[in-house]
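Each chain, written out:
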Amino acid sequence: MNSTTGVPASPAPDRVRTLDGTGSAPSPKSGQPRRSKKQAKFQGGPVLRKSFRSRLRHDKQMLLMMVPGVLFLLLFFYIPILGNVIAFQDYQPYLGIGDSLWVGWQNFADLFVNPDFVHAFWNTLYLAAWQLVFLFPVPLILALIVDSLMSPRIRKVFQSIAYLPHFLSWVLVIAFFQQMLGGAGFINNSLRHLGMDAIPFMTNPDTFPVLVVVQMIWKDAGWAMIIFLAALATIDVSLYEAAAADGAGRWRRVWHVTLPGLRPVIILLLILRIGDILSVGFEQFILQRDAVGAGAAEVLDTFTYYTGIVGGGWSSGAAAGLAKGVVSLLLIWGANKLAHKFGEDGIFAKKVG
């Protein structure tokens, strides 16, 4: 009963909390769709959950666009994994997987006492260390240089020149270096005209690691720079302004603002690079193997090719490839656990609770 008018007060409508939890709203009237019993909590308020069929209909175009990529992964990455079974067989192509003799771990035991495999393994680690130390920082340095350029036109020209070689095949890259550094290349011909001896840039096994790193920097450093440029764009500009107001110079701002902002991306890429450390590159090394010799250019990928395909040792080649994959997986797992120890997310965030 309303004390002022004497009219009975109507019952207050049922009220539910709004999405942001700051107010309330009347319950739906008759004729309006009611909320489903299955509700998802979002910031303290009830939210309607769409059915699987409605979500499928809503995202139909995106799912259709994903079909070619998923089929590509299935056909060329996941289904071939089943072929690793021949690493445990004395595989004969004319017998097939079903009729080939099972030998268990014998192929791996023979592999680890094979001096050619041991040499290829340690040579792979040696060349990978060169790439990790001298190649990994270059994209970061290039990104810092591009980010510091004030003129947008100069920045675009520099970016285009830097990542253009990425689209060239290794055949063209090696041919370009041969024309520049080979025995009959531009530099050696210039040295001969000056009365100096030619330098065997492309055929010296001792300097081959340096040559490999220079080739990879020229080809892929500009492309990898794009990732760091994207990460630089996410850093709050007010942090630079606050550091400049406190008297920090350019290098201080880079050290205290830029690098801490890039740290998650740097650690993520470093983990992925460590996991891929045994895959130093197949095309680059097989194209130069004859010039510098197998002692300098033999890596696990070329060993697998010459042993498994050229030599007909299908099971030994599969065992070498499977061992390389397992070691790479363990390296990724170990590097990710180490990142968690230092408080970084790594490839995926550590589960809490």
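Look a little higher up for the structure.
Keep in mind it's a predicted model, so treat the numbers as computed, not measured. (Residues numbered from 1 in each chain as written. Predicted model: local features only at pLDDT ≥ 70, side-chain atom pairs only at ≥ 80, totals over all residues. Heavy atoms only, no water.)

(A) Representation of the packing of aromatic side chains in the model. Counted under the stated rule, the structure contains 20 aromatic pairs. Geometrically, the ring pair formed by Y163 and W223 is edge-to-face, given 6.2 Å between the ring centres and 80° between the ring planes. Here Y163 is found in helix 7 (residues 152–163), whereas its partner W223 is found in helix 10 (residues 208–232), with 60 residues between them in sequence. With relative accessibility at 25%, the residue Y163 sits in the partly exposed group. Classification of W223 by relative accessible area gives partly exposed; the value is 37%. Seen in terms of ring centroids, F176 and W218 are 4.9 Å apart; in terms of plane orientation they differ by 10°. Their pairing is stacked. (Phe/Tyr/Trp six-rings, centres within 6.5 Å; stacked < 30°, edge-to-face > 60°. Helix = DSSP H or I, 4+ residues; strand = E, 2+ residues; numbered from the N terminus. Buried < 20%, exposed > 50% of the residue type's maximum accessible area, 1.4 Å probe, protein only.)

(B) Region of interest: the nonpolar core. Ranked by internal contacts, the top residues of the largest apolar core, which has 33 residues, are L111, F117, F177, F208, L211, F285 and F303. Elements supplying a minimum of two residues to this core: helix 4 (106–112), helix 5 (115–134), helix 8 (170–181), helix 10, helix 15 (294–297), helix 16 (300–310) and helix 17 (314–341). It is helix 8 that contributes the most residues to this core, five residues altogether. Not counting chain neighbours up to four residues away, the residues in contact with F303 comprise L111, N114, D116, F117, A120, E298, G308 and A320. Of all hydrophobic cores here, the second largest spans 19 residues; its members include A162, M225, A231 and I266. (Core = buried A, V, L, I, M, F, W, Y, C linked by side-chain atoms within 4.5 Å. Contact = heavy atoms within 4.5 Å.)

(C) A look at the environment of H58. Relative to the assigned elements, H58 resides in helix 1 (residues 52–58). Judged by relative accessible area, H58 falls into the exposed class, the value being 59%. Side chain to side chain, H58 and D59 meet in a polar contact 2.9 Å long. (Polar contact = N/O pair within 3.5 Å; in protein donor to acceptor, adjacent residues only side chain to side chain.)

(D) Looking closely at the packing of helix 6 (residues 137–148) against helix 7. Remark: helix 6 packs on helix 7, axes separated minimally by 9 Å, with the N-to-C direction vectors making an angle of 155°. As summarised for this structure, helix 6 and helix 7 are arranged roughly antiparallel, according to the angle between their axes. Here L142, V146 and D147 of helix 6 come into contact with helix 7, specifically with R155, F158 and Q159. The residue inventory of the contact of helix 6 with helix 7, partitioned by class, reads three nonpolar, one polar and two charged. (Axes fitted to C-alpha atoms, helices over the stretch in contact; angles between N-to-C directions. Parallel < 35°, antiparallel > 145°, perpendicular 65-115°, else oblique. Nonpolar A, V, L, I, M, F, W, Y, C, P; charged D, E, K, R; others polar.)

(E) Structural context of the side chain of Q288. Within the secondary structure, Q288 sits in the loop between helix 13 (283–286) and helix 14 (289–292). Residue classification places Q288 among the buried positions, given a relative accessible area of 3%. Within polar-contact distance, the side chain of Q288 engages the side chain of Q215 at 3.0 Å. With residues near it in sequence (within four places) discarded, Q288 still touches I174, M202, F208, L211 and Q215.

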